[in-house]
Amino acid sequence: QVQLVESGGGLVQAGGSLRISCAASGRSFSTYAMDWFRQAPGKEREFVAGISRGGSRRYYTDSVKGRFTISRDNAKNTVFLQMNSLKPEDTAVYYCAADMSEYSRSPNYWGQGTQVTVSS
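Given the structure is predicted, the values throughout are model-derived calculations rather than measurements. (Residues numbered from 1 in each chain as written. Predicted model: local features only at pLDDT ≥ 70, side-chain atom pairs only at ≥ 80, totals over all residues. Heavy atoms only, no water.)

**Student:** Explain the nonpolar core residue by residue, including any values.
**Tutor:** Counting residues in hydrophobic clusters, the biggest one holds 30 residues, and the most contacted among them are Leu4, Met34, Trp36, Val79, Leu81, Met83 and Tyr94. Counting only elements with at least two residues in this core, the list comes to β3 (18-24), β4 (33-39), β5 (46-51), β7 (68-73), β8 (78-83), β9 (92-99) and β11 (114-119). Dropping the residues within four chain positions of it, Tyr94 is found in contact with Glu6, Ile20, Trp36, Phe37, Arg38, Val48, Phe68, Leu81, Met83, Gly113, Thr114 and Val116. (Core = buried A, V, L, I, M, F, W, Y, C linked by side-chain atoms within 4.5 Å. Buried < 20%, exposed > 50% of the residue type's maximum accessible area, 1.4 Å probe, protein only. Helix = DSSP H or I, 4+ residues; strand = E, 2+ residues; numbered from the N terminus. Contact = heavy atoms within 4.5 Å.)

**Student:** Can you explain the environment of Ala33? Please cite residues and give values.
**Tutor:** As for its placement among the helices and strands, Ala33 is situated in strand β4. A sequence separation of 39 residues divides Ala33 from Arg72, and the C-alpha atoms of the two residues are 9.9 Å apart. For Ala33, the residues in contact, after removing those within four places along its chain, are Ile51, Ser52, Arg53, Arg72, Ala97, Ala98, Asp99, Ser101 and Glu102.

**Student:** Help me get a handle on unusual backbone geometry, residues and values and all.
**Tutor:** Despite not being glycine, Asn77 shows a phi value in the positive range, around 50°. Relative to the assigned elements, Asn77 resides in the loop between β7 and β8. Despite not being glycine, Arg105 shows a phi value in the positive range, around 60°. Within the fold, Arg105 resides in the loop between β9 and β10 (109-110).

Okay, here's the thing in structure tokens:
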């Protein structure tokens, strides 16, 4: 039972970096694994990164491994996605999500999304 609000999206040139954030409500934030998904125009929403409840385990889709880092600060009810070496194909709306299982890739709650645009 959480509400999620993303921020930090914007326009960046290829090769640049952005850090997007997701602020969660409620004291039960640490109960959930957290995910980032993204959806590009005309494409299906896809999993990008996930992190376990305590932050000790992290998961990434192959296309972002080595470039993106997911992290969380449970004391601040916040999850982050640091995006480096951005590519035009990273352009999408990025969604924060809370998941009762770190393995399912099927979140229970979603944020409203934040736009990330990478120019070539």
